Amino acid sequence: QVQLVESGGGVVQAGGSLRLSCAASGNIFNINAMGWYRQAPGKQRELVATISSSRSTTYADSVKGRFTISRDNARNTGYLQMNNLKPEDTAVYYCNADIRRSPSPTFWKYWGQGTQVTVSS
């Protein structure tokens, strides 16, 4: 069994920072791409950032220059550093990861349960 657990969400004032973590545990052989998504009330889930196994990254235009995605492969953990937060960043943030379980050759996409980020003006 594989599990992703997010942490680090909370309430912060506009202009503040938060660092989200996404820890993968269980029968993990290796992790390919990891990503962060968010869903605000009444809106569809949207992609925030991704990071490949070789650490190449992509970002939504709305967060470029403010958010940084990273990963620690030794710890099977991904991170999202969020700086200069704005009220429109308020959402539930979800991580996902493409994980290969031993001994299967197949990568499966797993999702965390989400962590709430609230930015007050």
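As shown above, the structure is provided for reference.
Read on for an overview of the structure. (Residues numbered from 1 in each chain as written. Predicted model: local features only at pLDDT ≥ 70, side-chain atom pairs only at ≥ 80, totals over all residues. Heavy atoms only, no water.)

## Remarks on the sheet that holds strand 7 (residues 67-72)
Step number 1: One open sheet holds the four strands; their spatial order is 1-3-8-7, and the pairing between them is antiparallel. Whereas interior strands pair on both sides, the edge strands pair on one side only; in this sheet they are strand 1 (2-7) and strand 7. On average, adjacent strands in this sheet sit at an angle of 15° to one another, irrespective of strand direction.
Step number 2: Across six bridges, the pairing between strand 7 and strand 8 (residues 77-82) is antiparallel. Within strand 8, the position partnered with R71 by the bridge is G78. (Pairing = 2+ DSSP bridges. Helix = DSSP H or I, 4+ residues; strand = E, 2+ residues; numbered from the N terminus. Axes fitted to C-alpha atoms, helices over the stretch in contact; angles between N-to-C directions.)

## Observations regarding the pairing of strand 1
For a regular strand, the rule is simple: side chains alternate between the two faces of the sheet.
Step number 1: Side chains V2, L4 and E6 of strand 1 all project onto a buried face; the interleaved residues Q3, V5 and S7 project onto a face where none is buried.
Step number 2: In this sheet, strand 3 (residues 18-26) lies alongside strand 1 in antiparallel orientation, the contact comprising six bridges. Bridge pairing in strand 3 links L4 to A24. (Buried < 20%, exposed > 50% of the residue type's maximum accessible area, 1.4 Å probe, protein only.)

## Thoughts on the state of the cysteines
Step number 1: Enumeration over the complete set of coordinates arrives at one disulfide.
Step number 2: Two residues, C22 and C95, share a disulfide whose sulfurs are 2.0 Å apart. Its S-S torsion of about 60° marks the bond between C22 and C95 as right-handed, since a negative value means left-handed. Remark: C95 occurs in strand 9 (residues 91-100) and C22 occurs in strand 3; sequence separation between them is 73 residues. The pair formed by C22 and C95 is uniform in burial state, with each residue classed as buried. (Disulfide = S-S within 2.5 Å.)

Purely geometric stuff here, so don't read any function into it on its own.
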